[in-house]
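# An overview of the molecular structure
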Amino acid sequence: MASLSFALVFLLVSSSCLVLDARKPHVVKGMSLTFYKSSCPNVEKIVTDHLRKVFREDIGQAAALLRVHFHDCFVQGCDGSVLLDGSASGPSEQDAPPNLTLRPEAFVIINELRELVHKKCGQVVSCSDIVALAARDSIALSGGPHYRVPLGRRDGLTFATRNATLSSLPSPTSQTPALIAALSRINLDVTDLVALSGGHTIGIGHCTSFEERLYPTQDTTMDKSFAKDLKVTCPKLNYSNTTPLDIRSPNKFDNKYYVDLINRQGLFTSDQDLYTNETTRPIVTEFAMNETAFFEQFALSMVRMGQLSVLTGTKGEIRANCSARNSPRSALSSVVDDEGEDDAFYGESEL
Ligand code: HEM
């Protein structure tokens, strides 16, 4: 009897390890959780310490930094291309319409972090890795999950055209089938879509991003009193005012965004339709009821998004200034340090 219950316990424990293991993110070749272990062991602490100070002054910058990582990764991969200023070859990604509402302060913060890190370690950490770490800390320091970020991205040498930027970033007027199709083109699935949209639990949106739901006719999937309030903020078309994306807890990273959707208080069509649509509705409901399930999935989906078409090894470069590519002579190569991988990936915020 004793040996039978021992076997049962063993079976249970080992099968739950399997489940946890299956939920560990895939780390793409050339990336590693310990990439800077010898070349810049304090990189994560430098980033976290600085962001702690920044957010004490303005927690809104957490949303701004998270969005920069998303806009970097969806357009030609997580290569820091969104950080580049325009050049003789054309206007930058920042000049394309979806990026006009990225907050300029976020780009300043990324360059501050780069300066602090390079001062300590030399020019070995890429801007795209700094963006990924800043996004991770933005989530954790706003109350969300803490997870390990695979590192080793290198910075791209080019930025995308206006058209490529426009076609790579989904529009807030999109409905779920279009969003599913857009994400499946870059190997993200329906669960990734619903989880990543949960990034809208922090931050703000401009009237122009949702005004088509108010004028000329009101979107019937929108709660009436929510619409009434939005009309006060945006009394007519083309107003430049802003409003929180998550009315319940605008600055806290939690699962209230999904509660908003169930109450028909999602701000964009692309948000609210996740609840209207039959495929995504059960996932919305699950995340609204179970914050831990949302946090675990969000962390996994962020790591997946954070490794889209990354440049590794000798591709790209480590920029000396995140806003400009290096002049030909200043190129440095980076060191891969992936021995002694420590495999704990996910935990509640320890920051
Ligand atoms: C699924 C498709 C998505 C669409 C259509 C979309 C669209 C938008 C739009 C239109 C805004 C507001 C822009 C403005 O009016 O100022 C916004 C803000 C924001 N988005 Fe998304 N987004 C999407 C996915 C994501 C993802 C995947 C993340 C991160 C994981 C994210 C994080 C944010 C954040 C944090 C803000 C607030 C930024 C701030 O306060 O400065 N979004 N998004």
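Along every chain, residues carry numbers that run from 1 in the direction the sequence is written. Only residues with pLDDT of at least 70 are given local features in this predicted model, and only at 80 or more are side-chain atom pairs given and counted; all residues enter the totals for whole chains, interfaces and linings. Neither water nor hydrogens contribute to the side-chain values; these are computed over all heavy atoms in the structure.

## Regarding the overall build of the protein chain
- Looking only at helices and strands, the protein chain has 13 helices and four strands in total.
- For the protein chain, buried positions account for 51% of its 351 residues.
- Of all intrachain contacts in the protein chain linking residues separated by at least 6 positions in sequence, the fraction that spans at least 24 positions is 78%.
- Each accessible area is a Shrake-Rupley estimate made with a 1.4 Å probe; only the visible protein chains count as cover when residues are assessed. Summed over its atoms, the accessible surface of the protein chain is roughly 16,400 Å², and 56% of this surface lies on carbon and sulfur atoms. For helices the rule is a DSSP run of H or I covering at least 4 residues; for strands it is a run of E covering at least 2, with both sets numbered from the N terminus onward. Relative accessibility decides the category of a residue: with a 1.4 Å probe and only protein chains considered, values under 20% of the type maximum give buried, values over 50% give exposed, and everything between is partly exposed. Contacts are residue-level and defined by heavy atoms, with any inter-residue pair within 4.5 Å sufficient.

## Brief notes about the site of the ligand
- Taken together, 25 residues form the shell around the ligand, and within it R103, H200, I204, H206 and S209 come nearest.
- In the model, a nitrogen atom of the ligand is placed 2.9 Å from a nitrogen or oxygen of the H200 side chain.
- Every element with two or more residues in the shell around the ligand is listed here: α3 (60–74), α8 (190–197) and β2 (204–206).
- In terms of residue count, α3 provides more of the shell around the ligand than any other element does, five residues in total.
- Class assignment for the residues of the shell around the ligand results in 13 nonpolar, ten polar and two charged. Here a residue is considered near a molecule or strand provided that any single heavy atom belonging to it is located within 4 Å of it. In the analysis that follows, any N or O atom pair within 3.5 Å is treated as a polar contact, provided that within protein one partner can donate a hydrogen and the other can accept it, and provided that, for residues neighboring in sequence, both atoms belong to side chains. Just so you know the grouping, Ala, Val, Leu, Ile, Met, Phe, Trp, Tyr, Cys and Pro go in nonpolar, Asp, Glu, Lys and Arg go in charged, and all remaining residues, Gly too, go in polar.

## A look at the state of the cysteines
- What counts as a disulfide here is a pair of cysteine sulfur atoms lying within 2.5 Å. Applying the stated criterion across every chain yields a total of four disulfides.
- What pairs with C127 in a disulfide is C322, and their sulfur atoms sit 2.1 Å apart. Its S-S torsion of about -90° marks the bond between C127 and C322 as left-handed, since a negative value means left-handed. Pair noted here: C127 is in helix α5 (residues 127–141) and C322 is in the loop between α13 (291–305) and β4 (346–347), with a separation of 195 residues, a long-range link.
- By relative accessible area, C322 is classed as buried at 1%.
- Through a disulfide, C207 is tied to C234; the S-S separation comes to 2.1 Å. Measuring the twist about the S-S bond at about -80°, one finds the C207-C234 disulfide to be left-handed. Separated by 27 residues along the polypeptide, C207 in the loop between β2 and α9 (224–233) and C234 in the loop between α9 and β3 (242–244) bring together distant segments of the chain. Of the two residues examined, C207 and C234, each falls in the buried class.
- What links to what in the protein chain: the bonded cysteines, counted in sequence order, pair as 1-4, 2-3, 5-8, 6-7.

## Digging into the coordination of the iron atom of the ligand
- In this listing, donors mean N, O and S atoms no farther than 2.8 Å from the metal, or 3.2 Å for Na, K and Ca; water is missing from the atoms, so a site can look incomplete. Coordination of the iron atom of the ligand by the protein involves just one donor, H200 (NE2), at a distance of 2.1 Å.
- Along the chain, H200 falls in the loop between α8 and β2.

## Focus: the pattern of salt bridges
- One side-chain nitrogen of Lys or Arg within 4 Å of one carboxyl oxygen of Asp or Glu is enough to make a salt bridge. One pass over the full model with this rule turns up seven salt bridges.
- The network of salt bridges with shared partners includes E44, R136 and D137.

## Some details on the side chain of S92
- Tracing the sequence through the fold places S92 in the loop between α3 and α4 (104–121).
- Side-chain polar atoms of S92 contact the backbone nitrogen of Q94, separated by 3.1 Å.
- Each residue touching S92, except ones within four places of it in the same chain, is listed here: L84, D85, G86 and F159.

## Observations regarding the nonpolar core
- By size, the foremost hydrophobic cluster in this structure holds 75 residues, and its most contacted members are L83, Y258 and M302.
- The contact partners of L83, leaving out residues within four places of it in the chain, are V68, Q94, F107, I110, C127, V131, R319, C322 and S323.
- In these notes, a set of buried Ala, Val, Leu, Ile, Met, Phe, Trp, Tyr and Cys residues joined through side-chain atoms within 4.5 Å is what counts as a nonpolar core. Within the second largest apolar cluster, twelve residues are counted, among which are L214, L230, L245 and F268.

## So, the confidence of the model for the protein chain
- By definition, pLDDT measures how confident the predictor is in each residue, and it falls between 0 and 100. Here the protein chain averages 91 in pLDDT, and 87% of its residues register 70 or above.
- Here residues 1–21 is modelled with pLDDT under 50, and outside its nearest four sequence neighbours on either side it reaches zero contacts, counting other chains as well.
- Low confidence marks residues 331–341, where pLDDT is under 50. Its contacts with residues over four positions away, or in another chain, come to 25 contacts.

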